[in-house]
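Residues per chain are reported as follows:
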Amino acid sequence: MRAGGDIMRQAIRFRRRGRIVEVRDFSPRTLLLDYLRLTERSVGTKEGCAEGDCGACTVALGRVRDGRVVYEPVNACILLLGQVDGADVVSVEDLAADGVLHPVQAAMVEHHGSQCGFCTPGIVMSLYTLYREAERPVTREAVNDCLAGNLCRCTGYRPIVDAALAACEGPPADRFLAESETIRADLEGIADGADIFVGDDTRFFAAPASEDALAALYARHPDATLVAGCTDVGLWITKGMAAIDKVIWLGRVAGLDAIEAGPEALTIGATATHSAAHASLGALDPDMGELMRRFGSVQVRASGTVGGNIANGSPIGDLAPALIALGAALELRKGDRVRALPLEEFFLAYRKQDREPGEFVRRVSVNRLGAGDAFRCFKVSKRFDEDISAVMGAFRLALVGRRIASARVAYGGMAATPKRAPETEAMLVGVSLDDPASWEPAFAALAADFQPLDDHRASAAYRRTVARNLLAKALHELATGRTDETRLVGERPALQAAE
Amino acid sequence: MNVPLKAIGQPVSRVDGPDKVQGHARYAAEFDQPDLMHAAMVLSTIPSGTITAIETKAARSAPGVHAVITHENAPRLPYAPMAKRPQVDAQGGDQLKVFQDPTIRFNGQPVAVVVAETLEQAVHAADLVRVSYEHADGHTTFDRARGRAPSRGNEKAGRPADTEIGDADAALKSAAVSIDANYVQAREHHNAIEPHATIAAWDGDHLTLHDKTQWPDNDRDEIAHVFGIKKENIHVVSPFVGGAFGSALRTWPHVTVAALAARVVQRPVRLELTRRQCYTSIGFRPHTEQRVALGAAADGTLTAIVQEAFGQTATYEEYAETTLDPARNTYACPNVRTRYRLIEMNTNSPCPMRSPGVATGMLALETAMDELAVALRMDPLELRLKNYADRDQHKNLPWSSKELRACYRVAAERFGWSERTPEPRSMRRNGHLIGYGMATAVYPSHRAKASAAATLLRDGTALIRTAGSDMGPGTYTSMTQVAAETLGLPVERVRIELGDTDMPYAPVHGGSITMASVGTAVQAACQALLDDLAGVVKASPDPRLAAFKAGTPEWRDGGLAGPGGVISFAELMEGLGFDRITAEGQSAPGNESKTHSSAAFGAVFAEVEVDPDFGTVRVPRIVGAYDIGRVVNPKTARSQCVGGMVQGVGMALLEQAEWDERFGRPMNGNLAEYVVPVCADIRSLDVTFVPGEDTIFNPLGVKGVAELGLSGVSAAIGNAVYHATGRRVREFPILPERLLMG
């Protein structure tokens with residue numbers, strides 16, 4: 001059997017506790033957590049929710065990037081075993097050596113960062129990646145970001161934050177760093193660039209190594225499930241009991257994760273993770289950086305991909321409205337045919353996208369903001385991190401002097417798909433930033449663009465009010481010249497006006 | 001290591017910390033058993049009715065399946081009545097009897113269990129079971145009109161239907177200033193990060209249970225009654241509990257399911273609840289609606305308190321809470337009336353959740369006090385001081401100790417309460433509305449009968465054993481400190497074993513009673529050990545011990561002091577030729593509860609910042625000062641308060657079951673949509689303990705802290721939101737939508 005590449009491997013290989021492990025016989029939907037807890041019997045890694053919310057299952061995956069081994073935290077409960085191919089898998093039992101606790105473990109004990117201890121392994125592993133990878137000095141905000149995907153019900157988080165800050169006071173120095181040359185050599189030794197195909201034509205885990213191999217394999221198995229980061233497909237397995245028998249993992253496709261930051265446009269390959277794309281998106285506009293910082297959690301961003309987020313078509317996915325407002329174009333491929341379309345046209349209806357059987361998302365590109373362009377995007381959620389937006393708004397406005405020459409407005413959480421607001425955009429044209437009264441027709445037009453639903457996340461009335469206030473906030477910030485640091489705390493006239 | 005001679009009061013790092021940070025602590029689901037099988041439950045999908053057919057053929061023939069157990073084929077279980085329901089159980093009605101009849105009492109009720117070789121096979125087969133129902137009318141809405149008085153069992157357990165001193169309604173009518181308002185507290189779920197799990201293994205008629213429980217001894221007792229076997233035949237092991245907050249106080253039906261499944265397949269069986277099942281297979285804080293009316297003289301002196309509560313309960317058993325306790329004795333007031341009613345619904349049974357009843361009652365009472373302060377144009381703190389209760393007026397007893405005035409003063413100073421400008425919407429920062437709010441915290445202190453065994457080993461180290469559990473607060477650590485101090489040993493030379501019914505009896509690990517109960521038993525056991533040892537020394541013919549026989553023995557520095565210095569425990573044991581010497585110690589409540597009323601107290605101050613465009617609320621600061629009696633370990637005690645504050649943020653702003661009235665179940669049974677605070681929601685948390693110890697209440701002088709840490713927090717936050725915005729949201733949590741659209 002051939003998957004399309006020149007070399008074929010019928011096993012996955014990863015590094016574990018200093019050894020290369022090869023697994024040949026596994027179900028395509030085996031999750032990393034089940035492998036650790038049930039097969040390996042390493043029960044230090046916990047299961048708290050089985051859907052990537054609580055982070056108790058966090059482990060660190062090390063991969064070679066730019067010649068250096070980089071560790072990122074992932075939720076093992078929604079990560080397929082096959083996805084660890086090529087990685088060094090580090091779990092909580094592995095950090096201490098010869099009875100000496102790792103610096104983050106010692107700090108967690110000293111600062112009372114563990115109470116019942118059940119979230120602790122995941123928190124230790126998240127902090128391990130912070131310790132390894134974070135720029136010094138490590139700030140409280142950096143710790144908050146690191147722990148956004150780790151829920152703790154006992155400690156009140158403060159002792160954990162104190163532990164993190166104490167552990168990360170100096171530069172990182174642990175045995176993994178001391179061994180990094182060996183680890184790198186081990187990982188490079190198993191990086192064979194081969195296509196992987198484990199199973200048979202009815203049930204398989206495949207990981208093509210090239211785009212052509214992917215195109216050929218998917219054309220042959222259009223019923224296969226494409227998996228990029230698995231942060232959503234993982235839930236189909238753990239919660240939806242989906243019988244996914246054919247898995248094509250995109251993580252080994254060479255070049256599909258490329259990020260090209262050109263002078264005119266930014267192009268992000270479909271399998272670039274949110275973490276990888278964070279900096280480039282943030283360079284488009286600081287609001288994009290802030291949006292990505294609050295997108296899911298570090299674990300979700302380390303696994304989840306830009307292409308997967310788009311292809312999956314969540315009605316609320318925070319990235320799509322922002323990219324639509326920016327004016328992104330999507331490129332898809334089926335067999336040898338490649339086509340492009342404006343991102344907003346990809347979303348047809350609730351969870352229905354313009355993607356044919358056998359067709360996959362290749363990349364998304366965004367034109368950079370011009371000299372007169374202004375951009376704002378905001379999300380409104382109940383808790384600060386790791387919360388799906390009630391409403392998410394994004395606005396790209398081309399200004400000529402103090403007037404709006406053209407506008408692109410998109411929202412999430414206001415319709416069955418991420419959606420542009422054509423009526424509102426039209427009403428914004430010609431509006432003066434200095435004349436708030438002239439903004440009113442645009443606010444009124446939101447009612448024509450959106451008929452949001454009541455659901456348990458928010459009522460339609462609240463969504464409408466927030467959508468209006470988000471646009472007001474954007475215009476107000478632009479009018480008053482407030483910049484980055486006011487993005488979260490600008491002056492707001494809306495509630496006063498409503499009274 | 002430089003070991004403190006006085007172990008009690010020292011910020012000792014948790015002794016189980018190194019195990020926990022390395023993933024070595026073993027929780028209920030993680031014990032290896034030979035030939036372990038896995039169970040997956042099938043739950044009802046309707047709230048009320050009868051099973052008319054249950055199709056299990058496909059499941060039975062699925063790969064790896066050994067049994068599919070339903071009401072049609074389950075062994076009949078005796079469910080022998082217990083002589084006295086333990087206080088952790090519902091005090092009225094009858095517990096859910098699994099697979100004993102086709103009646104459906106709530107959505108999520110176990111209707112079948114599949115046992116298979118692997119978890120995946122069990123889950124898959126459970127998905128193949130098809131159940132047909134005949135629907136019956138049930139109650140899935142919270143309708144105050146159906147409120148009924150608690151039954152006699154709950155009255156006797158301290159949840160009376162009606163109480164009154166003076167004439168509150170008349171006093172309310174004639175009050176110079178009054179307020180009258182209704183408050184809603186949402187159904188909340190514990191959501192400990194460890195899901196509940198049980199491994200059951202039979203050996204003949206002996207049963208071993210590895211279970212998540214806050215009370216191993218009662219777990220054993222309950223299952224013994226369910227199966228009609230002697231409790232001595234059951235061994236419960238539960239060394240680590242991954243958080244519970246009340247959810248593991250009582251023995252839930254799934255424990256019986258696991259034991260039943262293991263008996264049917266004659267192999268050990270593991271049953272772990274999924275996160276979603278944790279919303280219906282274990283309890284929750286009941287949805288509660290309250291009315292509070294307060295009357296006062298113009299100077300703020302309270303003249304009337306009326307507090308009425310309607311609490312949600314199940315149809316098959318009756319859970320009630322002490323929601324109205326705080327109304328009766330938190331403030332001095334001559335006229336107090338309370339009224340408690342229960343609303344039966346087709347739901348699984350509620351149960352205590354951290355600061356049970358009190359957190360709910362205080363939320364309403366302390367919000368109402370804030371409303372009264374506004375009506376009086378009086379500082380909210382001044383209003384509390386004006387009505388300070390020097391006695392427990394409900395029991396007509398003095399407090400065994402009360403340093404609440406100090407709590408108010410210390411917390412107000414640390415918070416900077418004097419900088420508050422009283423007008424709502426008067427404080428702003430960076431375009432946000434800023435609000436300051438405060439509330440009183442209180443939780444009654446209780447203790448219960450407990451025992452412990454203290455053993456001195458040949459190497460001079462001590463081993464302490466008691467069946468109590470440690471769900472996270474640090475029982476292992478605090479008991480180590482009590483034993484170390486009593487024995488005069490460094491903490492490193494004391495080891496504690498917990499959570500095993502082979503050990504001496506311990507009461508429930510809940511209600512913040514562990515330190516006062518088990519702690520005093522450990523103290524007594526260690527003292528008994530020293531007394532025994534002294535007796536043996538006195539009787540010993542060994543000439544080396546002759547110098548240590550005179551007078552009262554003085555134990556210090558890890559041994560017995562004599563004229564020539566200290567003889568260490570190891571040398572003593574060597575001299576006596578003992579491998580080990582063990583003594584048991586007991587403790588029990590004495591007369592103190594008849595002569596005094598005991599409670600822990602605190603004052604909580606919160607700052608909020610509100611985004612007026614979206615109604616989002618953040619909490620930059622919470623400051624609390626607490627009177628918990630003697631502080632055994634400031635590190636663990638502080639953590640209890642900080643953890644309580646964060647659950648208070650959840651209660652005030654985030655947490656609620658989104659109840660689907662059509663189906664009678666929560667829609668958001670997961671950790672993505674049942675929103676608990678994340679790290680970034682929490683900023684500065686400041687905890688101070690005011691000096692004090694309560695040796696009237698117990699010999700250790702401790703009062704308990706865990707429940708207190710949540711008490712009052714959500715009211716302080718809500719009051720701050722009012723101060724920030726001028727909007728009083730009386731339905732909790734204060735969701736952005738309720739604040740913006742309200």
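Computed from a predicted structure; not experimentally measured.

How big an interface is tends to be stated in terms of the accessible area lost upon association of its parts. Each partner contributes to the interface: chain A provides 75 residues, whereas chain B provides 80 residues. Overall, the association of chain A and chain B removes approximately 6600 Å² of surface from exposure, summing both partners, and the carbon and sulfur fraction of that is 57%. Joining chain A to chain B, the criterion identifies seven salt bridges. Measuring nitrogen to oxygen at the nearest pair gives 2.7 Å for the salt bridge that ties Glu 655 of chain B to Arg 153 of chain A. Counting every contact that joins chain A to chain B gives 31 residue pairs in polar contact (both at pLDDT 80 or more). Those elements giving two or more residues to the side of chain A that touches chain B turn out to be helix H1 (32-39), helix H2 (103-110), helix H3 (120-133), helix H5 (158-167), helix H18 (460-480) and helix H19 (494-498) of chain A. A per-element tally of the side of chain A that touches chain B places H18 of chain A first, with seven residues.

Following the UniProt record, the feature "domain: Aldehyde oxidase/xanthine dehydrogenase a/b hammerhead" (unreviewed entry) maps to residues 22-137 of chain B here. Within the segment residues 22-137 of chain B, helix and strand shares are 12% and 32% respectively, and the terminal C-alpha atoms sit 52 Å apart.

Inspection of every chain in the model, using the stated rule, returns 104 salt bridges over all chains. Where Arg 333 of chain A meets Glu 211 of chain A, a salt bridge forms, and the shortest distance between an N and an O atom there is 3.0 Å. Of this pair, Arg 333 of chain A sits in strand S13 (residues 329-334) while Glu 211 of chain A sits in helix H8 (residues 211-220); the two residues are 122 residues apart in sequence, bridging distant segments of the chain. When sorted by exposure, Arg 333 of chain A lands in the same class as Glu 211 of chain A, which is buried. Among the salt bridges present, the one from Glu 423 of chain B reaches Arg 377 of chain B, with a minimum N-O distance of 3.5 Å. On the criterion of sequence distance, the pair formed by Glu 423 of chain B in the loop between helix H11 (404-415) and strand S20 (427-429) and Arg 377 of chain B in the loop between helix H9 (358-376) and helix H10 (380-386) is long-range, its members being 46 residues apart.

Our focus in this paragraph is the domain arrangement of chain A. Per the domain assignment, the segments of chain A are domain 1 (8-92 + 180-249), domain 2 (96-173), domain 3 (259-367) and domain 4 (373-498). Inter-centroid distance (C-alpha atoms) of domain 1 of chain A to domain 4 of chain A is 40 Å.

All right, on to the environment of Arg 339 of chain B then. All names here are of chain B. Tracing the chain through its elements places Arg 339 in strand S17 (residues 336-345). Given the relative accessible area of 26%, Arg 339 is considered partly exposed. Considered as a pair, Arg 339 and Glu 419 are 80 residues apart in the sequence and their alpha carbons are 38 Å apart. Ignoring sequence-local partners within four residues, the contact set of Arg 339 consists of Ala 161, Asp 162, Gln 307, Glu 308, Ala 309, Phe 310 and Leu 324.

Here the amide bond leading from Arg 136 of chain A into Pro 137 of chain A is cis, since omega sits at -10 degrees, within 30 degrees of zero. Within the element layout of this structure, Pro 137 of chain A appears in the loop between H3 and helix H4 (140-146). Across the junction of Phe 732 of chain B and Pro 733 of chain B, the peptide omega takes the value 0 degrees, indicating a cis bond. Looking at the secondary structure, you find Pro 733 of chain B in the loop between strand S34 (731-732) and helix H18 (736-741). Even without being a glycine, Asp 66 of chain A presents a positive backbone phi close to 50 degrees. Looking at the element boundaries, Asp 66 of chain A is found in the loop between strand S4 (58-65) and strand S5 (68-75). Of note in the backbone geometry, Arg 425 of chain B takes a positive phi value of approximately 65 degrees without being a glycine.

Residue and element names in this part refer to chain B. Within the secondary structure, Asp 392 is located in strand S18 (residues 391-392). Despite its burial, Asp 392 remains without a salt bridge, the nearest opposite charge being carried by Lys 395 at 4.4 Å. Engagement of the side chain of Asp 392 in a polar contact is seen with the backbone nitrogen of Lys 395, the distance being 3.1 Å. A distance of 2.7 Å separates a polar atom in the side chain of Asp 392 from a polar atom in the side chain of Ser 597. Aside from chain neighbours lying at most four places away, what touches Asp 392 is Asn 329, Leu 397, Trp 399 and Ser 597.

Residues and elements named next belong to chain B. Under the counting rule described, the total for this entry stands at 15 cavities of 30 Å³ or more. Roughly 360 Å³ of volume is contained in the largest cavity. Contributing elements (two or more residues each) for the lining of the largest cavity: helix H12 (475-487), helix H13 (514-539) and helix H16 (634-654). Each of domain 1 (17-25 + 447-588) and domain 3 (145-188 + 284-446 + 594-741) accounts for three or more of the residues forming the lining of the largest cavity. Surrounding the second largest cavity, 16 residues form its lining, Leu 96, Trp 252, Pro 253, Ser 281 and Tyr 316 being those nearest its centre. Mapped onto the domain boundaries, the lining of the second largest cavity takes at least three residues apiece from domain 2 (34-137 + 193-243 + 248-281) and domain 3 (145-188 + 284-446 + 594-741).

All names here are of chain A. Here we have five strands laid out as an open sheet, ordered S1-S7-S8-S10-S9, and mixed in their pairing. The sheet terminates laterally at strand S1 (8-9) and strand S9 (225-227), the two strands that pair on one side only. Pairing analysis gives two bridges linking S1 to strand S7 (residues 195-200), with the strands arranged parallel. Within S7, the residue paired with Met 8 across the bridge is Asp 195.

Residues and elements named next belong to chain B. With antiparallel pairing, three strands are arranged side by side in an open sheet as S5-S2-S7. The two strands at the open ends of the sheet, each matched to only one other strand, are strand S5 (103-104) and strand S7 (130-135). Bridge count for strand S2 (residues 49-55) against S5 is two bridges, and the pairing is antiparallel. Bridge pairing in S5 places Gly 49 opposite Ile 104.

Before going further, it helps to examine the packing of H2 of chain A against H3 of chain A. Residues and elements named next belong to chain A. Relative to each other, H2 and H3 sit at 125 degrees, their axes nearing to 9 Å. Taken together, H2 and H3 sit at an angle that is classed as oblique. Seen from above, H2 lies across H3 with right-handed handedness. Only Thr 120, Ile 123, Val 124, Leu 127, Tyr 128 and Tyr 131 of H3 make contact with H2, whose side of the interface consists of Pro 103, Val 104, Gln 105 and Met 108. A class-by-class count of the residues in the contact of H2 with H3 yields eight nonpolar, two polar and no charged.

Conventions used here
- Counting of residues starts from 1 at the beginning of each chain's written sequence and follows it residue by residue.
- Lettering for chains starts from A, numbering for ligands starts from 1, and both go in the order in which the items are written.
- Given that this is a predicted model, residues contribute local features only at a pLDDT of at least 70 and side-chain atom pairs are listed and counted only at 80 or more, while totals for whole chains, interfaces and linings are drawn from all residues.
- With hydrogens and water set aside, each side-chain value is computed from the structure's full complement of heavy atoms.
- A contact between two residues is defined here by any heavy atoms of the two lying within 4.5 Å.
- What counts as buried area is the accessible surface, traced by a 1.4 Å probe, that two parts surrender upon association, with contributions from both included.
- By definition here, a salt bridge exists when the distance from a side-chain nitrogen of Lys or Arg to a carboxyl oxygen of Asp or Glu is within 4 Å.
- Any pair of N or O atoms that falls within 3.5 Å is considered a polar contact. Within protein, one atom must be able to donate a hydrogen and the other to accept it, and sequence-neighbouring residues count only if both atoms are side-chain atoms.
- Under the scheme used here, helices are H or I runs from DSSP no shorter than 4 residues and strands are E runs no shorter than 2 residues, and both carry numbers assigned from the N terminus.
- UniProt positions are given in the numbering used here, feature names are shortened, and annotations may be inferred rather than shown by experiment.
- Whether a residue is buried, partly exposed or exposed follows from its accessible area with a 1.4 Å probe, protein chains only, as a fraction of its type maximum: under 20%, in between, or over 50%, in that order.
- Those domain boundaries reflect an automatic or database domain assignment.
- In this charge count, Lys and Arg are treated as positive and Asp and Glu as negative; neither His nor the chain ends contribute.
- Only protein atoms enter the 1 Å grid used here. Points where a 1.4 Å probe fits but cannot escape make up a cavity, open sets with protein on both sides within 12 Å along at least five of seven lines make up a pocket, and a residue lines them when an atom lies within 4 Å of a point.
- Grid points are joined across faces, edges and corners, and a volume is the space filled by probe spheres set on the points.
- At least two bridges found by DSSP between two strands is the condition for calling them paired.
- To get an axis, a line is fitted to the C-alpha atoms, and for a helix only the part in contact is used. The angle between two axes follows their N-to-C directions and goes from 0 to 180 degrees.
- Each angle is binned into one of four classes, with values under 35 degrees roughly parallel, values over 145 roughly antiparallel, values of 65 to 115 roughly perpendicular, and all other values oblique.
- Each crossing gets its hand from how the near helix is turned against the far one by less than a right angle, where anticlockwise is left-handed and clockwise is right-handed.
- The classification used treats Ala, Val, Leu, Ile, Met, Phe, Trp, Tyr, Cys and Pro as nonpolar, Asp, Glu, Lys and Arg as charged, and all other residues, Gly among them, as polar.

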